[in-house]
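Spelled out, the chains give:
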Amino acid sequence: MNYPVWYLPGIGGGTLIALIAVVHVFISHFAVGGGLYLVLAERKGLREKNPGILDFTRRHTKFFLLVTMVAGGLTGVGIWFIISLVQPAATSLLIHTFVFGWAAEWVFFTVEIVALLVYYYTFGRMEERTHQAVGWVYFIAAWLSLFLINGIINFMLTPGDWLADRNFWSGFFNPSFWPGLFFRSCIAFLLAGVYAFLTTSLLKDLELKKTMTRFTGRWVFISCAAGLPFGLWYRAVLPNEARLLVDGASPTIARALEVGQWALAALILLSALLVLLKPRYHSFSLSLGVLVCSFLLMGSFEWTREAARRPFVINGVLYSNSIAPGEVEGLSARGMLASARWAGQKDVHEESLLEAGEDLFRLQCYACHTVGGFNNDIAIRTASMSYPVMLQYLETIHERRYFMPPFAGNAAEKRALAAFLVAGLHGKPIEAPAVAGGPGQAIFEGNCAFCHDEELVRERIAGWPREKVRRALDALSSLDPAMPDFEGSPAEKDLLADYLASPPAAGAVPAHHDPGEDVFESHCAMCHSLEGSANPLLPKIRGWQRDRLRGALDRLEQLSPAMPPLSATTEEKEALADFLTHSLQGGQR
Amino acid sequence: MSPLIPTPDTLPVPWGWFQFLLLLTFPLHLLLMNCMLGSTAVALYARVRGGESGRRLSYELAKVLPALVALTVNLGVAPLLFIQVIYGHFIYVSSILLAVFWLGVVPLLILAYYGAYVYDFRFPSLGRQGTLLLATILLAFLAIAFIYTNNFTLMLVPEAWTAYFRNAGGTVLNLGEKSLLPRYLHMVTGALAVGGLFVALFGRFVGRRDPEAGSLAERLGLNLFTALTLLQVLLGVWFLIALPREVMLLFMGGDLLATGLFLLGLALVLAAIAAGLKRRAVLAAWAALPLLVVMTLLRAYVRAGYLAPHFSLDQLQVVPQYSPMIFFFVVLAVGVAMVAWLLRQAVKAGGKGQAF
C-alpha cells in the first residue's frame, strides 16, 4: 500500500525472513542461557577448586563468544534489515510504537558485548569474585534483552488492550508476555545445555568429560520439564482463532508441530543416552544430532507462533500483506491499484489485464506466496482452479480459509487477479466478461455465481416456464430461507429470467458437464487436487464406497480440524459424491 | 511532493528528541567505524611493507579489530533505530530499492568479522594468506561503505525512486546521483584519516610493551592522518560543488547556523592539519573529535536540504506518551554506569583486558 514490494517471486520475502530469523533465534537464545551456564560452570570449578573445569569454561567462553557475538549479533541486525525490506509497514509500526523499548534493548546489547569481551579476555587474570560478577552482568543484560524483545514479539501475536488504548505498556505487557517470557527462558537454558554438549564432547580427560556432561545434561532435562507447563500456558492465553489454528485448523502448523514433537522426543532420547546411559558414546557427531533436534524444535515453535497470527502480521491491526482491516472497504470502492502508492498499473484495462493482475498479486498475495518457489507456491495451490471458480473463490476467500485475508479491490481488479492466477500462471483460458450469454449471464455471475453453480441451477429449474423463473426472482427467500432476496431492478430480473429460461449459450458453460466436478473445483480445488502434487485427494479415500463418501461430506470438519465444513447444498453434495466415486473408479461412468 | 513518499507513522514524543538521540549516537558509531577501518588499512600496510616490527604491529592491531567490529556494529544500531523513527518513510523505500545490496551488508560483515577473528587467533600460522585475509576484510568494509552511501543518498531523492518500476528485484543503485562518488570518497577518506590517528594513539599504548612497533604505529598513523586530511580538503570541495545548488548555498550564507558550522569545520580541519604536520597526535585528536561531530551536523543539514521540497520534520504527527522515554533514559544511565564499571575492572585486571 504505502511501500514498494521487493519482488523476488521465486524466493519470497517470507522465506528470507524465516531463514534469517530461525538462525538468529537459535543463536540468540543460546546467548541468553549460555551466559548463565558460563557463570555456573565457572562457579562449580571455583568451588571444587578444579582447574580442569575452569579451563573447560574458558574454552567454552571462546566458542560462546565466536558463535553469539559474531553470528548471533549480526543475524540480529540481519533480522532487522530483512523485516524492514519485506514488511516495511509492520516494521514501521513496531518501531514507532516501541522505539524506546528497542532503544533500551540496545543498551542491554551494549552492556552484553562489553561484559562478554571483558569476561573472555580477563579469564584467569581477574580476581575471582569480580570475574563472576562480570559473568552475572552479562547474563542479566542478555536476559533483559530477551525480556524486551519478548514483549514486542508477543505484541504481534496478542496486542491485547493496546488495540483500544494505544498505550506502550498495554502493548508491551500483552496477554502472552509472561508465558512467552518463561517459555523462551526455558528454551534459552535448554540451548545452553545443547550447545555445551558440543564442547564437552571434545574433552580429553574422561573423568572431567563425565562430570561436565552430567552437569550439562541437567540443563537439558530440567529445561524440557519446566518448558512444558509454560508452553501449555502460552497456548491457553491465545485468542480463540489463534488457538484453533494451533490445534489443527492450520495445515502448516499441524506439520510444524509434528516435526517439533519428534524433534523433542529424539532430543530427550539422545540426551538421556549421552548423559545417563552411555556417557562413552558422547561424541561430537552425536552432540551435533542433539543440536539439530533442538534446531528443529525451535523452528517448529517459531513457525507455530508466526503462523498462529495469520492472516495478520500484527494481530487484528495489519494483514500479512500490509493492508489494515479497516482499509478493505475503501479499497474495494476506490480500487486497490488507484490507492497503492507503488502499483505500476493504476487501473485495469483489458489489454493490460495480466500486468494489472500481477501487480495485484504482488500487493496482496506475494507476502505469503511464492511463484514456483519452495515456500507456499501459488502455482501449485491454483493448479486445478478455473477462471470462474477463481473469481468466486476470491470473493469469499477469507471466509473459507480463516488464515487468508480478504481480497481488497474492485470487481475489475478481482478479474485481473483471477486472470493472472489462471491465465498468467497456467496459461488456461479466461472467459471474457461480456459473455455469450449477454447481460443476463453477467447478472448471474455478479449475483448468483458465488453460491450457485450455473448448471445445477439449470437442472433445478428444468422445465420451468420463463414466467415462473421471473416470479421466483422476486421472492428468492421463500424458495430457501438461506437465500437472500435478489436486490436487482425489475429490468435486471427480466434479463436474468430470460437468460436462465433459455438454453445455455455455446461456450458459456465450461466444456465438462459433470456438475460434481464443478462442485469439486469451487469447494475443494483450492486445497486439493485429485491426484496431482497439491494435497491429492483420491489416495486418501481409496476404497471408499459412495455412501461413506457422501456421509463424510456432511462432517468434513470432524475428519480433520484443518478442513472447514462443506458449505454446499444437498444436491451439490450428491453431485460431488458421484463425481468422486466415478473418479475413484478411474473416471469411468 | 512525490506521490511515492509513504505516509509516516506517528511519534510518541516530538521529533527533536529523536534528532538529538540520532546526532548523539551517530558520531560514536562513526568514531568506532573509523578506528575499525583505519586499523584494518594500517594492519594491511604494515604487513605488506614487511619487516619484523611491521608484522608485530599488524598483529597488535589484529587483536583489537574484532572488538572494534563488535562495537561499531553495536553503536550503529542506535542511530539506525532513531533515523527509522523520523525518516523511516524515506529510508525504508531506498533500502527496498537496493534490497539485495542492503541485505548483502550482513554476510559481508560476518565475513569480515570472522576474518578478523581468524587473523587474530591464527596469526602465527597464516603466512601470506594473512595478507590476503586482511585485504578481503578491508574490501568488505569498503563495499559496505559504498552500499551505505548509495542507500543514504537514494533516500534523499524521491525523483530517482521511479527506477523501481523498471527493477523491482532490489538491485537498484543510485549511480545517477552526482554527489555519490565525491560523498563516498569524502566519507572513506575521512574515516581512514581518523582511523590513522587512532592507530597513532594506539601506538603509544603498544609502545609500552614494544617500542619499535609502537613508534611505527605512531609514524604510519600520523602520516596517514595528515596526508588524507590534506586530500580531504580537495574532496570536500568536490563534494560541496556536486551538491544541488540550493543545498550548497545553505553553507554559503543561506542558513546562518549551517554556514557557521561549516566555517567552524574548516577551522578545525586547518587545526588538525597543523597538529598533524607538527606530529602532535593528541592535539590532532582534540581537533578531529569535535570535527567529527561538526561533520555529522553538516550532514544533517545536507539531508534536510535535499528533502526540503518534499518533507520537513515538523510535518510528523505526535501522539504523546513520555513514560517509555523516561524508562529508556533510566536504562541508559544504568547501562553507561555498568559499562564504566566493566571497563574499570578490565583495566584493573590488566593484561589483554587493557586493550579496551
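Residues numbered from 1 in each chain as written. Chains lettered and ligands numbered in written order. Predicted model: local features only at pLDDT ≥ 70, side-chain atom pairs only at ≥ 80, totals over all residues.

## With respect to the overall build of chain B
Put simply, the rule reads: Strands are runs of DSSP state E lasting at least two residues, helices are runs of H or I lasting at least four, and both sets are numbered from the N terminus onward. Radius of gyration here uses only the C-alpha atoms, and the compact-globule reference equals 2.2 Å multiplied by the residue count raised to the power 0.38. We call a residue exposed when 12 or fewer other C-beta atoms sit within 10 Å of its C-beta, buried when the count reaches 20 or more, and partly exposed for counts in between; the C-beta positions come from the backbone. By definition, residue pairs are in contact when their C-beta atoms, positioned from the backbone, come within 7 Å.
What chain B contains, in helices and strands, is 11 helices and 0 strands. Listing the helices and strands of chain B from first to last along the sequence gives α-α-α-α-α-α-α-α-α-α-α. A compact globule built from 356 residues would reach a C-alpha radius of gyration of about 21 Å, and chain B, at 21 Å, matches this within 12%. Along the three orthogonal principal directions, the C-alpha set of chain B runs to about 60 × 45 × 45 Å. Taken across its 356 residues, chain B has 46% of its residues classed as buried. For chain B, restricting intrachain contacts to residue pairs at least 6 apart in sequence, the fraction spanning at least 24 positions comes to 78%.

## What to know about the environment of Tyr119(A)
All names here are of chain A. Checked against the element boundaries, tyrosine 119 lands in helix α3 (residues 88-121). Separated by 319 residues in sequence, tyrosine 119 and glycine 438 place their C-alpha atoms 80 Å apart. Beyond its immediate chain neighbours, meaning those up to four positions away, tyrosine 119 contacts Thr61, Val134, Gly135 and Tyr138.

## Comments concerning helix α5 (residues 128-154) of chain B
Residue and element names in this part refer to chain B. Let me state the cut-off plainly: One less than the residue count of a helix, multiplied by 1.5 Å, gives the span that helix is expected to have.
Between its terminal C-alpha atoms α5 stretches 40 Å, which fits the 39 Å expected from 27 residues at 1.5 Å a residue. Three or more residues of α5 are buried, namely Gly130, Leu133, Leu134, Ile137, Ala140, Phe141, Thr149, Asn150, Asn151, Phe152, Thr153 and Leu154. The elements touched by buried residues of α5 are α1 (15-49), α2 (52-97), α3 (99-121), α4 (123-126) and α6 (180-207).

## Concerning the packing of helix α2 (residues 51-86) of chain A against α3(A)
Residue and element names in this part refer to chain A. Quick note on the threshold: Structural elements are reduced to axes, namely lines fitted to C-alpha atoms, with helices fitted over the stretch in contact, and the angle between N-to-C directions of any two is expressed from 0 to 180 degrees. Each angle gets one of four labels, with under 35 degrees taken as roughly parallel, over 145 as roughly antiparallel, 65 to 115 as roughly perpendicular, and the rest as oblique. Handedness of a helix crossing follows the sense of rotation of the near helix relative to the far helix, less than a right angle counterclockwise being left-handed and clockwise being right-handed.
The contact between α2 and α3 brings their axes to 12 Å, and the two run at 165 degrees. Here α2 lies roughly antiparallel to α3, going by the angle between them. Between α2 and α3 lies a crossing whose hand is left-handed. The residues of α3 that touch α2, namely those facing Thr61, Lys62, Leu65, Met69, Ile83 and Ser84, are Pro88, Thr91, Ile113, Leu116, Tyr119 and Tyr120.

## Thoughts on the interface of chain A and chain B
Across the contact, 53 residues belong to chain A and 57 residues belong to chain B. Going through the elements one at a time, α2, α3 and α4 (128-157) of chain A are the ones with two or more residues in the side of chain A that touches chain B.

## Brief notes about the confidence of the model for chain B
Residues and elements named next belong to chain B. We apply this condition: Residue-level confidence of the predictor is summarised by pLDDT, bounded by 0 at the bottom and 100 at the top.
On average, residues of chain B score 94 in pLDDT, and 98% of them are at 70 or above. Considering each helix and strand of chain B separately, the mean pLDDT is smallest for α4, with a value of 85, and largest for helix α11 (residues 323-349), with 97. Of the regions scoring below 50 in pLDDT, residues 352-356 engages in 14 contacts with residues more than four places distant in sequence or in other chains. Across the whole predicted complex the pTM is 0.86, and at the interface the ipTM reaches 0.95.

## Re unusual backbone geometry
Residue and element names in this part refer to chain A. Cis geometry is adopted by the peptide bond preceding proline 311, which originates at arginine 310 and carries an omega value of 10 degrees. You can see proline 311 is positioned in the loop between α11 (284-307) and β1 (312-314). Of note, arginine 166 is a non-glycine position whose phi angle comes to about 55 degrees, a positive value. Secondary-structure assignment places arginine 166 in the loop between α5 (162-165) and α6 (168-172). The class of arginine 166 is partly exposed, set by 15 C-beta atoms lying within 10 Å.

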